[in-house]
Amino acid sequence: MSFRKVNIIILVLAVALFLLVLHHNFLGLSSLLRNEVTDSGIVGPQPIDFVPNALRYAVDGRQEEIPVVIAASEDRLGGAIAAINSIQHNTRSNVIFYIVTLNNTADHLRSWLNSDSLKSIRYKIVNFDPKLLEGKVKEDPDQGESMKPLTFARFYLPILIPSAKKAIYMDDDVIVQGDILALYNTPLKPGHAAAFSEDCDSASTKVVIRGAGNQYNYIGYLDYKKERIRKLSMKASTCSFNPGVFVANLTEWKRQNITNQLEKWMKLNVEEGLYSRTLAGSITTPPLLIVFYQQHSTIDPMWNVRHLGSSAGKRYSPQFVKAAKLLHWNGHFKPWGRTASYTDVWEKWYIPDPTGKFNLIRRYTEISNIK
């Protein structure tokens, strides 16, 4: 074999060896990069009920996470789905939904969230233990909510989302038309653990609820004939606030033991009956009114435009409804029910139940004049 052929063979072997080393190093680098993406927290923690949108959050993962807490009961599950869908589609922020429910609803909720239309939702299903309410809730046939544990989930935010420093809570009968980041950025004054919408604000007072003359002040919720209430020295004419949508500073909430304070007044009501017998609104409102008396910040009224569920008729102009950042169907007439106002606005965000368990109840097709 000639000297020239030997050199060629040696050169070929050297090139082959170089390529093998390069390939090995490339595989090692790829493995390292994969570990960095997983360990860096860009995609975030992935417990069983947590579903990330990896492609989107590989880009947006450095944004501050916005926790949104929604309670989802079996009979109102479609409402929670529509609310979540409206939030997700109107923001580019890093939102994670903490969906609070009971064990017997979790599988139904999970199957709904796995539908194609909701695959980008980041969520965690959180089980609420009704035992938390033992001895704290008085069953009243005139107040149906007293029988529904999830109504009180808002009292236990630090327990439900222990790692969060700040969060948004909202009821399941809302539709969000603005960017949830704006609500999350609501400024809270020093020492305030929450921000609510005042019932005397210009948006809420557009609707007058027939037969509820005290709808907008403390006397509509608390029994001022009781000595314990009178001793609090809270003015009966003080504007109430709506607890269906609020922003919570959970660091301050924990520091002030807000949950313990709320539980104290729940127990006292069971023992002494401190709530007004003509209760104007939610049974969860009275303890919140006491604990947060003159100790809460306010949110923009357009972020809780209420009373869409107070009657089957339309009380707002189409222009006003379109401009609202958040629409709230508080009241008896829910948008998934037989008679309700602005159902077309709500149905824009509703995703049909793939299991067929939840169905809209419609007596007639409402023709909208909102364009």
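Residues numbered from 1 in each chain as written. Predicted model: local features only at pLDDT ≥ 70, side-chain atom pairs only at ≥ 80, totals over all residues. Heavy atoms only, no water.

For the coordinates displayed, the defined rule picks out 12 salt bridges. Between D107 and R110 there is a salt bridge, with the nearest N and O atoms lying 2.8 Å from each other. With D107 and R110 both in helix 4 (residues 103-113), this residue pair falls 3 residues apart, about one helical turn. Here D173 ties to K334 by a salt bridge, and the two come within 2.6 Å at their closest N and O atoms. (Salt bridge = Lys/Arg side-chain N within 4 Å of Asp/Glu carboxyl O. Helix = DSSP H or I, 4+ residues; strand = E, 2+ residues; numbered from the N terminus.)

A few words now on the state of the cysteines. When the sulfur atoms of two cysteines share a covalent bond, that bond is a disulfide. Throughout the structure, instances matching the rule amount to 1 disulfide. The disulfide partner of C200 is C239, and the S-S distance across this bridge is 1.7 Å. Around the S-S axis, the bridge from C200 to C239 shows a dihedral of about -105° and counts as left-handed. With a gap of 39 residues between them, C200 in the loop between strand 6 (194-198) and helix 7 (227-230) and C239 in the loop between helix 7 and strand 7 (241-249) connect regions that are remote in the sequence. (Disulfide = S-S within 2.5 Å.)

Let us look at the nonpolar core. V68, I87, F97, I168, M170, I180 and L183 are the most contacted members of the largest nonpolar core, which totals 52 residues. Here the element with the most residues in this core is helix 3 (residues 77-89); it accounts for 7 residues. In this structure, I180 is in contact with I66, V68, I87, T91, V95, I168, M170 and W303, ignoring residues within four places of it in sequence. Core analysis: the second largest hydrophobic core is formed by 47 residues, F152, I161, Y224 and F241 among them. (Core = buried A, V, L, I, M, F, W, Y, C linked by side-chain atoms within 4.5 Å. Buried < 20%, exposed > 50% of the residue type's maximum accessible area, 1.4 Å probe, protein only. Contact = heavy atoms within 4.5 Å.)

Turning our attention to helix 4. For helix 4, the full list of buried residues reads T105, A106, H108, L109, W112 and L113. Where helix 4 is buried, its residues meet helix 3, strand 2 (94-101) and strand 3 (123-127).

Okay, the pairing of strand 3 next. Along any regular strand, the residues point their side chains to alternate faces of the sheet. Pairing geometry for strand 2 and strand 3, over 5 bridges, is parallel. When the bridges of strand 3 are listed, Y98 appears paired with K124. In this view, the connection linking strand 2 to its parallel neighbour strand 3 by way of helix 4 has right-handed handedness. (Pairing = 2+ DSSP bridges. Right-handed = clockwise from strand over helix to strand, strands pointing away.)

Attention now goes to unusual backbone geometry. Of note in the backbone geometry, Q294 takes a positive phi value of approximately 55° without being a glycine. Here Y342, not a glycine, exhibits a phi torsion of approximately 55°, which is positive. Relative accessible area serves as the criterion here: at 1%, Y342 is assigned to the buried category.

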